[in-house]
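Observations on the three-dimensional arrangement
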Amino acid sequence: MSDLPDDVLERIFTLLPVKQAVRAGVVSTRFKRVWLFSRKLHFGRWFTTQKGILEAMSAIDHVFRAHAGPQIQSFKLYIDPTDIEPMVRKWIEISISKGVEELELNFVAARIERFQLSRDLIDVESLRVLKLTFCEIDFPPDLTRLHLLDTLILKKVEITSDMIETLILNCTLLETLELVHCDAIHQLTLSARNHKRLKVFKLGDCSDLSLVEIDAPGLRSFHFYGQAPLFLFEDISQLKDAAINFVPPKGFMRHSSVRNILDDLANVSVLTVNSIVLESLHNHNVWIQGISPNYEDLKHNTRGLPFSYRNLKEFQLIMHGGVYCNTYDIAAFLNSCPFVEQVFIDLNECSFEGSIYWELHQKQELESFRFLCRLKFVKVKGFRFHQHELELVKFFLQKGINLETLAL
Amino acid sequence: MSSPSSSSSLSCPKKMITLKSSDGETFEIEEIAALQSKTLENMIDENCADTPIPLPNIEGKVLAKVVEFCTKHAEVGVDAESLRAWDDEFVNVEHNTVFDYILAANFLEIPTLLDLACRVVADMIKGKTPDEIRKIFNIKPSPEEEEEVRRENQWAFE
């Protein structure tokens, strides 16, 4: 193997995160100063918390002052910005002046106040990836330069739905959008008709969210976690992968709305839900809760669901949040998925209710359910050989006539 | 150099360049694809590309792959995502081969291939100790220098 020339080795070293580039400089004096041209300035959690804030701050400042290269491709920072905001701002400004493409700033370590990001630090032409945690953004009414953004991930950021909509309007190349714990959003409209690239949308734990409207013809993947809002799906024709995990509401669950959501998602090929979603699909659970169901719920009998998941290939269930979900609920759902190939169940230390209803009615009904001819793979995590877990496994063995793998 | 009766560029015969590897194999590449290499671009501009261009530093099997890369990247209508996926597959090879790509891309000055292959190597050495890095690149160590670098940049070492 022939030796690589120095200029090539230098090029390789500048692609290393700066800390490792310094270490690489140890390799030979030829590369001693290579780290000064490093294009990846990453200062993660371990770096800033291990050394103490003063040391970390002076080290990062040293890197930025000494940086001699023309380009900084990515700047990733995890730090408590309290009392050092001007310095942090300076580092961000330097990164921007050197054409930074990826900016990842995590200020969750800040004790009380959110870091303030001024508009000039956001409306940046070179930015492709923006990941922010625990800050406040001073948003301009329109963004003139930030239009090449392809990934936006905001966690614990004070941002309103208007700001999100402005962002989406301006960033037509957006591919991934993730909003977690953004409590200032009350109603969100994802209007992405012109966004051919928008493929992934994740929404989690936004405690004040009451309405989510999605019109995104190119969307492939939608994940939701939190208290169930009202969902309005306009065009989600390309949606292949959906994950719906509801947190138990303070009041009671609107079962018809859960059914409507599942109905809207009937074309996906991968579906992940937690048990509260599954048990909301069936009436008998409503009776058990002692709440009289409304007319909508009475229309559907316990036999089958009104829709069928004909494209569903992979089904994942996390036992979380539900109370009554049992083997019957799982079986009844799968009965509507004639072509399912893989099933994953995470028992999550929940045990099934061994109700009389199950013994007297549901168990027999399982016999009449269809065979799952395409089912090849089943995995049950957290299996403890309990009675009801065995009944679940029995169901799979009975109905999965072409089953190849059963992992417990 | 189009034939008189052609009406669209598609019916034009494509201008081909011939490259000759160190072990005597010849490869044809479209001029458009060859333009990705600054070295070849210069030769084309100076009209030295009408006869087979000898590349004594590059073996046949490596040159074949370089031609494949340049041809793919010169294609029109390929979306960024599938090109990225194609690139990932292209460099999903043994380390020695990646080094060969780097040397070829460096010699032929193909920035896209050079960056791609260098990124692979950077990822490869990311967690390695200086000694391991020296071994991979065959660099002679010198302990006094190592101490000096450590001292100057303590923050980067635990």
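The notes below deal with the structure included here. Quick caveat: nothing in here was measured; it's all calculated off a predicted structure.

Summed over the entire model, instances satisfying the criterion amount to 21 salt bridges over all chains. Between A:Arg11 and B:Asp115 there is a salt bridge; the shortest N-O distance is 3.4 Å. Of this pair, A:Arg11 sits in helix 1 (residues 6–14) while B:Asp115 is found in helix 6 (residues 111–125), placing the two residues in two different chains. What makes B:Asp115 partly exposed here is its relative accessible area of 23%. Between A:Arg114 and A:Glu158 there is a salt bridge, and its shortest N-O distance comes to 3.6 Å. With A:Arg114 in the loop between strand 3 (102–106) and strand 4 (115–117) and A:Glu158 in the loop between strand 7 (151–155) and helix 6 (161–170), this residue pair connects regions lying 44 residues apart in the sequence. Take A:Arg114: its relative accessible area is 23%, and that puts it in the partly exposed class. Looking at A:Glu158, the relative accessible area reads 35%, which means it is partly exposed. Three or more residues are tied together by salt bridges with common partners; here these are A:Lys76, A:Glu102, A:Glu104 and A:Lys131.

Residue and element names in this part refer to chain A. Across the sheet, which stays open at both edges, the 3 strands sit in the order 9-11-13 with parallel pairing between neighbours. With one partner strand each, in any of the chains shown, strand 9 (187–191) and strand 13 (230–233) form the two edges of the open sheet. Each neighbouring strand pair of the sheet contributes to a mean axis angle of 5°, computed without reference to strand direction.

Residues and elements named next belong to chain B. The mixed open sheet is built from 3 strands, whose spatial order is 2-1-3. Because the sheet does not close on itself, it has two edges, and the strands there are strand 2 (26–30) and strand 3 (53–54). For strand 1 (residues 16–20) and strand 2, the ladder comprises 5 bridges, and the chain directions are antiparallel. Counted as the bridge partner of Thr18 is Glu28 from strand 2. Sheet strands touched by helix 3 (residues 60–74): strand 1 and strand 2. Its angle to strand 2, the strand with the most contacts, is close to 10°.

All told, the structure shown has 23 aromatic pairs over all chains when counted by the stated rule. Between A:Phe13 and B:Phe137 the ring centres are 6.3 Å apart and the planes differ by 80°, which places this aromatic pair in the edge-to-face class. Of the two residues, A:Phe13 sits in helix 1 while B:Phe137 sits in helix 7 (residues 130–137), which places them in two different chains. An identical accessibility class is assigned to A:Phe13 and B:Phe137; each is buried. Cluster of aromatic residues (ring-pair linked, three or more members): A:Phe201, A:Phe222, A:Phe224, A:Phe231, A:Phe233 and A:Phe246. Positioned above the aromatic ring of A:Phe371, the side-chain terminus of A:Lys399 is 5.2 Å from the ring centre.

This paragraph deals with the packing of helix 4 (residues 53–66) of chain A against helix 5 (residues 85–97) of chain A. Residues and elements named next belong to chain A. Following both chains from N to C, one finds helix 4 and helix 5 inclined at 30°, their axes separated by 11 Å at the closest point. Here helix 4 is positioned roughly parallel relative to helix 5, judged by the angle of their axes. Once helix 4 is placed against helix 5, the crossing between them reads as left-handed. Residue-level inspection shows Met57, Ile60, Asp61, Phe64 and Arg65 of helix 4 in contact with helix 5, the latter providing Met87, Lys90, Trp91, Ile94 and Ser95. Considered class by class, the residues forming the contact of helix 4 with helix 5 number 6 nonpolar, 1 polar and 3 charged.

How each quantity is defined
Residues numbered from 1 in each chain as written. Chains lettered and ligands numbered in written order. Predicted model: local features only at pLDDT ≥ 70, side-chain atom pairs only at ≥ 80, totals over all residues. Heavy atoms only, no water. Salt bridge = Lys/Arg side-chain N within 4 Å of Asp/Glu carboxyl O. Helix = DSSP H or I, 4+ residues; strand = E, 2+ residues; numbered from the N terminus. Buried < 20%, exposed > 50% of the residue type's maximum accessible area, 1.4 Å probe, protein only. Pairing = 2+ DSSP bridges. Axes fitted to C-alpha atoms, helices over the stretch in contact; angles between N-to-C directions. Contact = heavy atoms within 4.5 Å. Phe/Tyr/Trp six-rings, centres within 6.5 Å; stacked < 30°, edge-to-face > 60°. Lys NZ or Arg CZ within 6 Å of the ring centre and 35° of its normal. Parallel < 35°, antiparallel > 145°, perpendicular 65-115°, else oblique. Left-handed = near helix turned anticlockwise from the far one by under 90°. Nonpolar A, V, L, I, M, F, W, Y, C, P; charged D, E, K, R; others polar.

Treat this as a map of the structure, not an account of what it does.
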